[in-house]
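Survey of secondary and tertiary structure
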Amino acid sequence: MAAHLSYGRVNLNVLREAVRRELREFLDKCAGSKAIVWDEYLTGPFGLIAQYSLLKEHEVEKMFTLKGSRLPAADVKNVIFFVRPRLELMDIIAENVLSEDRRGPARDFHILFVPRRSLLCEQRLKDLGVLGSFIHREEYSLDLIPFDGDLLSMESECAFKECYLEGDQTSLYHAAKGLMTLQALYGTIPQIFGKGECARQVANMMIRMKREFTGSQNSIFPVFDNLLLLDRNVDLLTPLATQLTYEGLIDEIYGIQNSYVKLPPEKFAPKKQGDGGKDLPTEAKKLQLNSAEELYAEIRDKNFNAVGSVLSKKAKIISAAFEERHNAKTVGEIKQFVSQLPHMQAARGSLANHTSIAELIKDVTTSEDFFDKLTVEQEFMSGIDTDKVNNYIEDCIAQKHSLIKVLRLVCLQSVCNSGLKQKVLDYYKREILQTYGYEHILTLHNLEKAGLLKPQTGGRNNYPTIRKTLRLWMDDVNEQNPTDISYVYSGYAPLSVRLAQLLSRPGWRSIEEVLRILPGPHFEERQPLPTGLQKKRQPGENRVTLVFFLGGVTFAEIAALRFLSQLEDGGTEYVIATTKLMNGTSWIEALMEKPF
C-alpha cells in the first residue's frame, strides 16, 4: 500500500490496486521467465504504480529500453513490449523482432498497448510482416495514475496540442474512460458541471458510455458529489505566469517528472573536514516529492517567501529533540529516545534536503532578472500597459534570452489584452524570427491557433471585465498566512480555480456574463442515482468535488485548490485530475514545431 494515497477523503489506493491487479493478470498470462522492453516514456508513470519488486514476483528477469536493431541477449522465455500506440514505435519493434537470432532458443513475443490497442499500429506491424509473431496483443488501460492523495494524472504529453491544434479527440476519449473507471470504483458522480468545448465532449462521451453499460447497475455509494470539467483554453493565462509556490518554483526551475526532481549534486554533497571541496559528486541528485514526506507535505503549497520561517522553526524543533538525549537518565527513557531515533534522523535528512533546495531556488528568485521578469508579468496581469510593445521583452529578444521565456511573456501579454494590436503583434513576430531563426514561424502559427498569441479581434479587450468580476488581481496579498488563493502567484488568483471556487459558492449563476465571454459552452448534467444511494450529508460534512483539467494543470493551481479544501468554512474538498502536470515552459515546448 502507498500510505500517501489514502490520507484524503478519497482513498486513491483503491485505484492503484485495481491497475496493479490488471498488470499482474496480464503478466501471469505469459507463463515462464520474462523480459520487458519499455517504451521509455512509460517507465516514469509505471514506476508510480508498480515497483520492480512486483514485476520480479511475476518472473520478470530483465528490462530493456526500446531501441532499434537487435534486442540484448536474455535467457528468457517471453519478451513483452510495453508501448504507447505510436506508429514510429511499431517500426522499432518490427526491427527488434526481425533481427531475432534464429539460432538461439525461440522466444515468445507479446505486446501490451498502453492505454489502448490501435488498429493502425497493428496494421503497421502486419505490413512489416511481424504481426503473427505476437502471441498476446492486448491493451492496458492505464488512464489515470494516482500521484498523491488528491491528485491523478493521465500524463498524456500531447493532449493539449492534439485537442486544440489537431482536432484529435483521442485523449478526451481516454479521459472519459478514466472517469468511467473512477465511477466503477467510487460510485456514480451525481452532478457534472463543465466549461469549454472539450469538457462538453468528455461529458457527452461519459453519458454515452453509461448508456451502453445499462445492464450493470452501479451499487457503490458515491464518494464524489460533483465533477467539474474545465478546458485549459478557458484559462490560458495561469500556466504562462511564473508559479510562486515552493513546489511550483521547483517545477519552474528544475522540472518535476512523475513526482521526481533532479537537482545539481554539489549542494547535497556531505561536507567533510579538511576535504577542500574535491571529489564533488557529478551525478544529479534525484529526489521523490510527494506527501509521504511530512515536511514536504507541509511546505509544498506555501508561497516561497513563507518557506524559510517554517524550515528554521523545524530546525529548532529537531535540534531540541536531539538534545533530549542528555536528559535521558533511566534505561526506560534511553530506550524511548532510541525508538524515536529513526523518525528523528529521517526528519533531519528531509530538513537538510529542503534547506538545500530552498537555497538553490533563492539564488534564482533573488536575481535581478527574475525580479524584472516577475514585475512585467504582474503589470500585465493587473492590466498595466498590455497594449504596447514592452521594453523588457524587447531587451530579452535583443540579448537572445531563451526563446521559451520570450514566448511565455509575449503570450501572457496577448492573453491579458484579449489579443495584441496587429502592429504590436507583427513587430514581436518579426523580432523573434530575425533573432531566433525563421524556422520558428511554424511555432508562432501553432501559438496563434491555440489562442495564445493572436491579433485582437473586434478591437475590444475583455480581460479587464473578467479580471474585475472574478477578482483575479488582489493588491494586498498575505504570503505568510494567506486568506485568498491569489497567494500562489503573489497577487494573481488563477482563473480556473476561481471558477471552481465560485461554482461551489454562490454558484455560476452569479457570473453568467463572464462565463459567456470565456470560450466554449458551460453546462450542467445530472446522473440519476439508484434509490438508496442518494447521499444525505451530515451537518458540517464537506462536499467532495473532482476537478478535471483537460489540457494540463500547474502545481500552483493544485496548491490553490488544496488551500480551498483546507478552509474552515469552505464546504468543499477537492480532488484534482488532469491530462498532464505541466508548467508554462513544458506547455510552450509541446506546442513548438521541431525544426527539421
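Everything quoted here is computed from the prediction, not taken from an experiment.

**Considerations on the overall build of the protein**
The number of helices and strands found in the protein is 22 helices and 15 strands. Radius of gyration (C-alpha) of the protein: 26 Å, near the 25 Å computed for a compact globule of 596 residues. By principal-axis analysis of the C-alpha atoms, the protein measures approximately 75 × 70 × 65 Å. When burial is assessed residue by residue, the protein has 53% of its 596 residues classed as buried. Accessible surface, the protein: about 27,700 Å² in total, of which carbon and sulfur atoms supply 52%. Side chains of the protein carry 74 positive and 77 negative charges; the gap between the two charge centres is 3 Å.

**Quick notes on the pattern of salt bridges**
By the definition in use, this model includes 33 salt bridges. Where glutamate 541 meets arginine 9, a salt bridge forms, and the shortest distance between an N and an O atom there is 3.4 Å. Separated by 532 residues along the polypeptide, glutamate 541 in the loop between β13 (522-526) and β14 (543-550) and arginine 9 in the segment before α1 (13-29) bring together distant segments of the chain. Linking aspartate 235 and arginine 232 is a salt bridge whose minimum nitrogen-to-oxygen distance equals 3.2 Å. Here aspartate 235 matches arginine 232 in class, with each residue buried.

**Considerations on the sheet that holds strand β15 (residues 572-578)**
Pairing in this open sheet of seven strands is mixed, and the strands run β6-β7-β15-β14-β9-β8-β13 from one edge to the other. Sheet topology places β6 (145-148) and β13 at the edges, where each strand pairs with a single neighbour. Averaged over all pairs of adjacent strands, the angle between strand axes in this sheet comes to 20°, irrespective of strand direction. Here β6 runs beside strand β7 (residues 151-153); their pairing, made up of three bridges, is antiparallel. The residue of β7 that forms the bridge with isoleucine 145 is serine 153.

**Quick look at the sheet that holds strand β4 (residues 108-113)**
Ordered in space as β2-β1-β3-β4-β5, the five strands form an open sheet in which the pairing is parallel. At either margin of the open sheet sits one strand with a lone partner, and together these are β2 (60-65) and β5 (134-139). Direction aside, the axes of adjacent strands within the sheet are offset by 20° on average. Summarising the sheet, strand β1 (residues 34-38) and β2 pair through five bridges and their orientation is parallel.

**Focus on helix α9 (residues 246-253)**
For α9, a buried count of seven out of eight residues is recorded, marking the element as mostly surrounded by other parts of the structure. Listed as buried for α9 are Tyr246, Glu247, Gly248, Leu249, Ile250, Asp251 and Glu252. Taken from the residues just after α9, glycine 255 is the one with a positive phi, measuring 80°.

**With respect to the domain arrangement of the protein**
Split into domains, the protein comes out as domain 1 (3-142), domain 2 (147-213 + 220-237 + 496-588), domain 3 (246-259 + 289-366) and domain 4 (369-461). One C-alpha centre belongs to domain 3, the other to domain 4; they are set 40 Å apart.

**Remarks on the environment of valine 488**
Checked against the element boundaries, valine 488 lands in the loop between α18 (463-469) and α19 (495-504). A sequence separation of 244 residues divides valine 488 from leucine 244, and the C-alpha atoms of the two residues are 5.6 Å apart.

**Concerning unusual backbone geometry**
At the junction of valine 114 and proline 115, the peptide bond is cis and its omega measures out at 0° in the coordinates. Between arginine 505 and proline 506 the backbone carries a cis peptide bond, its omega angle lying at 5°. Among the structural elements, proline 506 can be located in the loop between α19 and α20 (512-517). In the Ramachandran plot, aspartate 385 falls in the positive-phi region, its phi being about 50° despite a non-glycine side chain. Note on placement: aspartate 385 falls in the loop between α13 (368-381) and α14 (391-398). Look at aspartate 385 and you get partly exposed, because its relative accessible area is 39%. In this structure, serine 490 is a non-glycine residue whose phi angle is positive, near 50°. In this structure, serine 490 sits in the loop between α18 and α19.

**A short note on a negative patch on the surface**
Taken together, the side chains of Glu22, Glu25, Asp28, Glu59, Glu61, Asp75 and Glu139 make up a negatively charged region of the molecular surface. Among the elements that take part in the negative patch, α1 stands out by supplying three residues, more than any other. Summarising the element assignment, glutamate 139 is placed in strand β5.

**Quick word on the environment of serine 6**
Relative to the elements of secondary structure, serine 6 occurs in the segment before α1. Between the alpha carbons of serine 6 and glycine 149 there is a distance of 5.6 Å; along the sequence they are 143 residues apart. Not counting chain neighbours up to four residues away, the residues in contact with serine 6 comprise Asn11 and Asn13. Here alanine 3 takes part through its backbone oxygen, which lies 3.1 Å from a polar atom of the side chain of serine 6.

**Some remarks on the packing of aromatic side chains**
Summed over the entire model, instances satisfying the criterion amount to 15 aromatic pairs. When the centroid spacing of 4.9 Å and the interplanar angle of 65° are considered together, the rings of tryptophan 38 and phenylalanine 46 count as edge-to-face. Residues tryptophan 38 and phenylalanine 46 agree in their burial class; the two are buried. An aromatic cluster of at least three residues, connected via ring pairs, comprises Trp38, Phe46, Phe82 and Tyr140. Sitting above the plane of the tyrosine 260 ring, lysine 286 keeps its charged end 4.8 Å from the centroid. Across the ring face of phenylalanine 322, the terminal group of arginine 348 is positioned such that the distance to the ring centre comes to 4.1 Å.

**Considering the packing of helix α7 (residues 170-186) against helix α8 (residues 197-212)**
Here α7 crosses α8 at 50°, and the two axes come no closer than 9 Å. Classed by the angle they form, the pair α7 and α8 counts as oblique. Of the two possible hands of crossing, α7 and α8 adopt the one that is right-handed. Residue-level inspection shows Leu172, Tyr173, Ala175, Ala176, Lys177, Leu179, Met180 and Gln183 of α7 in contact with α8, the latter providing Cys198, Gln201, Val202, Met205, Met206, Met209 and Lys210. When the residues that make up the contact of α7 with α8 are grouped by side-chain class, the tally is 11 nonpolar, two polar and two charged.

**Re the state of the cysteines**
Enumeration according to the criterion identifies zero disulfides in this entry. Free of any disulfide, cysteine 396 has its nearest cysteine sulfur in cysteine 411, 14 Å distant. Residue cysteine 396 is classed as buried on the basis of its relative accessible area, which comes to 1%.

About the thresholds
- Residues numbered from 1 in each chain as written.
- Predicted model: local features only at pLDDT ≥ 70, side-chain atom pairs only at ≥ 80, totals over all residues.
- Heavy atoms only, no water.
- Helix = DSSP H or I, 4+ residues; strand = E, 2+ residues; numbered from the N terminus.
- Rg over C-alpha atoms; globule rule 2.2 N^0.38 Å.
- Buried < 20%, exposed > 50% of the residue type's maximum accessible area, 1.4 Å probe, protein only.
- Areas by Shrake-Rupley, 256 points an atom, 1.4 Å probe, with all protein chains shown as cover.
- Lys, Arg positive; Asp, Glu negative; His and termini not counted.
- Charge placed at Lys NZ, Arg CZ, Asp CG, Glu CD.
- Salt bridge = Lys/Arg side-chain N within 4 Å of Asp/Glu carboxyl O.
- Pairing = 2+ DSSP bridges.
- Axes fitted to C-alpha atoms, helices over the stretch in contact; angles between N-to-C directions.
- Domains from an automatic or database assignment.
- Patch = residues over 30% accessible without salt bridge, like charges linked within 9 Å, V, L, I, M, F, W, Y side chains within 5 Å.
- Contact = heavy atoms within 4.5 Å.
- Polar contact = N/O pair within 3.5 Å; in protein donor to acceptor, adjacent residues only side chain to side chain.
- Phe/Tyr/Trp six-rings, centres within 6.5 Å; stacked < 30°, edge-to-face > 60°.
- Lys NZ or Arg CZ within 6 Å of the ring centre and 35° of its normal.
- Parallel < 35°, antiparallel > 145°, perpendicular 65-115°, else oblique.
- Left-handed = near helix turned anticlockwise from the far one by under 90°.
- Nonpolar A, V, L, I, M, F, W, Y, C, P; charged D, E, K, R; others polar.
- Disulfide = S-S within 2.5 Å.

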